[in-house]
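A look at the structure
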Amino acid sequence: MSRSPYTIALVQTACRESAQANLAANLELAERAASLGADVICLQELFMGPYFCQQEDARLFDLAEPVPGPTTKAFAALAKKTGTAIVVSLFEKRAPGLYHNTAAVLGREGNLLGLYRKMHIPDDPAFYEKFYFTPGDLGFLAVDTHVGKIGVCVCWDQWYPEAARLTAMKGAEVIFYPTAIGWHPQEKDLLGDEQRGAWQLVQRGHAVANGCYIAAANRIGLERPRADSHNAAGAGIEFWGTSFVAGPMGDLVAQAPTDEETILLAQVDPQRMEDVRRGWPFFRDRRIDAYQNITKRFDD
């Protein structure tokens, strides 16, 4: 028996001045998404404040919180109130000196369905995440919600086909990617279209290769690290928004603008996944007997 389509929502917004203001804004946007018919809602990466990884500053570890903690408790109450599942990205304090970039998946009863800790951690100019985040140790995640099975990865995971494959192999019908990615302002004119195009293209490829839906929720706005006695001001990052949902043929089901606050709605159709996978049976034809070297760093 075929299952009915369900609605997902991505929240794309700019950062407010304080953690309290960001929490209130994202709670409001998520509640609005639910009122528009969303069954599953995904918030952007580290939405509780500016993207702090633009600089290395040990004082910023104070931004982290436990799970469960204030942010997950607030969204758990909203999930229960609205009857939705919500993907909540946060800076997790696991233990003294041990921190993760984490996504919590909350069910419509306000319960914690699963926890994903970002596996791939970048270290690039203005994206100094290795200073803050320990790589995830929970593996890849797919959980049953009231409408279907969903998976979650986070931002830099977007570039790795292995992450999408292993999440899809767990049965995820849609893979959510809470995201914080943008241009270095000095590179935008020369490389901006190429960089954003590659970001979207690789994820649309994951959708095709796995016959599933991909949903990336990105932020908007120019954010600069604050200058003080410890840090010089930087050029910042211009977050490019463009949150999108791709279908199992890589088609763009929905896409947000580059610079507008948006609640992006899209439908996930399990029957379409079934039809696509029958026509292009990549899982059937995988040569799992021949992939041993995929666990090597490089096959030399």
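Heads up: these notes are all about the structure in this document. Per chain, residue numbering runs from 1 following the sequence as it is written. It should be noted that, the model being predicted, local features are given only for residues of pLDDT at least 70 and side-chain atom pairs only at 80 or more, the latter also being counted only at that level, while totals for whole chains, interfaces and linings use all residues. Each side-chain value is derived from all of the structure's non-hydrogen atoms; neither hydrogens nor water enter the calculation.

Details of a nonpolar patch on the surface
What counts, and what does not: Every patch collects residues that have over 30% relative accessible area and no salt bridge, joining them within 9 Å if they carry like charges and within 5 Å if they are nonpolar side chains (Val, Leu, Ile, Met, Phe, Trp, Tyr). In this description, accessible areas are obtained by the Shrake-Rupley approach with a 1.4 Å probe, and a residue is regarded as covered only by the protein chains that are shown. Whenever a carboxyl oxygen of Asp or Glu lies within 4 Å of a side-chain nitrogen of Lys or Arg, that contact is scored as a salt bridge. Helix numbers and strand numbers start at the N terminus; a helix is a DSSP run of H or I with at least 4 residues, a strand a run of E with at least 2.
A cluster of nonpolar side chains, Met249, Trp280 and Phe282, forms an exposed patch at the surface whose accessible area comes to about 290 Å². Note that Trp280 resides in the loop between α5 (270–279) and α6 (282–285).

Things to note about the nonpolar core
Worth spelling out the cut-off: Residues enter a nonpolar core if they are buried and are Ala, Val, Leu, Ile, Met, Phe, Trp, Tyr or Cys, with the set joined through side-chain atoms within 4.5 Å. Buried means the residue's accessible area, taken with a 1.4 Å probe over protein chains only, is under 20% of the maximum for its type, while exposed means over 50%, and partly exposed covers the values in between. The criterion used for residue contact is that any of the two residues' heavy atoms lie within 4.5 Å.
By size, the foremost hydrophobic cluster in this structure holds 47 residues, and its most contacted members are Ile8, Leu10, Ile150, Val174, Ile175 and Phe176. For this core, the leading source of residues is strand β10 (residues 213–217), giving five residues. Not counting the four nearest positions on each side in its chain, Leu10 is found in contact with Cys42, Phe176, Ala215, Ala216, Ala217, Ser243, Phe244, Val245, Thr262, Ile263 and Leu264.

Focus: the packing of helix α3 (residues 161–169) against helix α4 (residues 188–210)
Geometry of a packed helix pair, given as the angle between the helix axes and the separation of the axes. The line we're drawing: Every axis in this analysis is a line fitted to C-alpha atoms, fitted for helices over the stretch in contact. Angles between the N-to-C directions lie between 0 and 180 degrees. In this scheme, roughly parallel covers angles under 35 degrees and roughly antiparallel covers those over 145, while 65 to 115 is roughly perpendicular and the rest are oblique. Throughout, a crossing is termed right-handed when the near helix is turned clockwise from the far one, and left-handed when it is turned anticlockwise from it by less than a right angle. Classification convention: Asp, Glu, Lys, Arg as charged; Ala, Val, Leu, Ile, Met, Phe, Trp, Tyr, Cys, Pro as nonpolar; all other residues, Gly among them, as polar.
Remark: α3 packs on α4, axes separated minimally by 10 Å, with the N-to-C direction vectors making an angle of 40 degrees. The pairing of α3 with α4 is recorded here as oblique in orientation. The handedness of the crossing between α3 and α4 is right-handed. Note on element contacts: α4 touches α3 through His206, Ala209 and Asn210, opposite Pro161, Ala164, Arg165 and Ala168. Taken together, the residues of the contact of α3 with α4 sort by class into four nonpolar, two polar and one charged.

Points about the sheet that holds strand β4 (residues 98–106)
What counts here: For two strands to be treated as a pair, DSSP must find no fewer than two bridges joining them.
Taken together, the six strands give an open sheet; going across it, the order is β5-β4-β3-β2-β1-β15, and neighbouring strands pair in mixed fashion. Looking at which strands have only one partner, the edges of the open sheet turn out to be β5 (112–117) and β15 (262–268). Averaged over neighbouring strand pairs, the angle between their axes works out to 30 degrees when direction is ignored. Across nine bridges, the pairing between strand β3 (residues 85–95) and β4 is antiparallel. In the sheet register, Ile86 faces β4, and the bridge partner there is Leu106.

Quick look at the state of the cysteines
As a reminder, the rule being used: By definition, disulfides here are pairs of cysteine sulfur atoms that lie within 2.5 Å.
In this structure the tally under the stated criterion is zero disulfides. There is no disulfide at Cys42, and the cysteine sulfur nearest it, in Cys153, is 11 Å away. By relative accessible area, Cys42 is classed as buried at 0%. Not engaged in a disulfide, the cysteine Cys153 finds its nearest cysteine sulfur in Cys212; these two sulfurs lie 10 Å apart.

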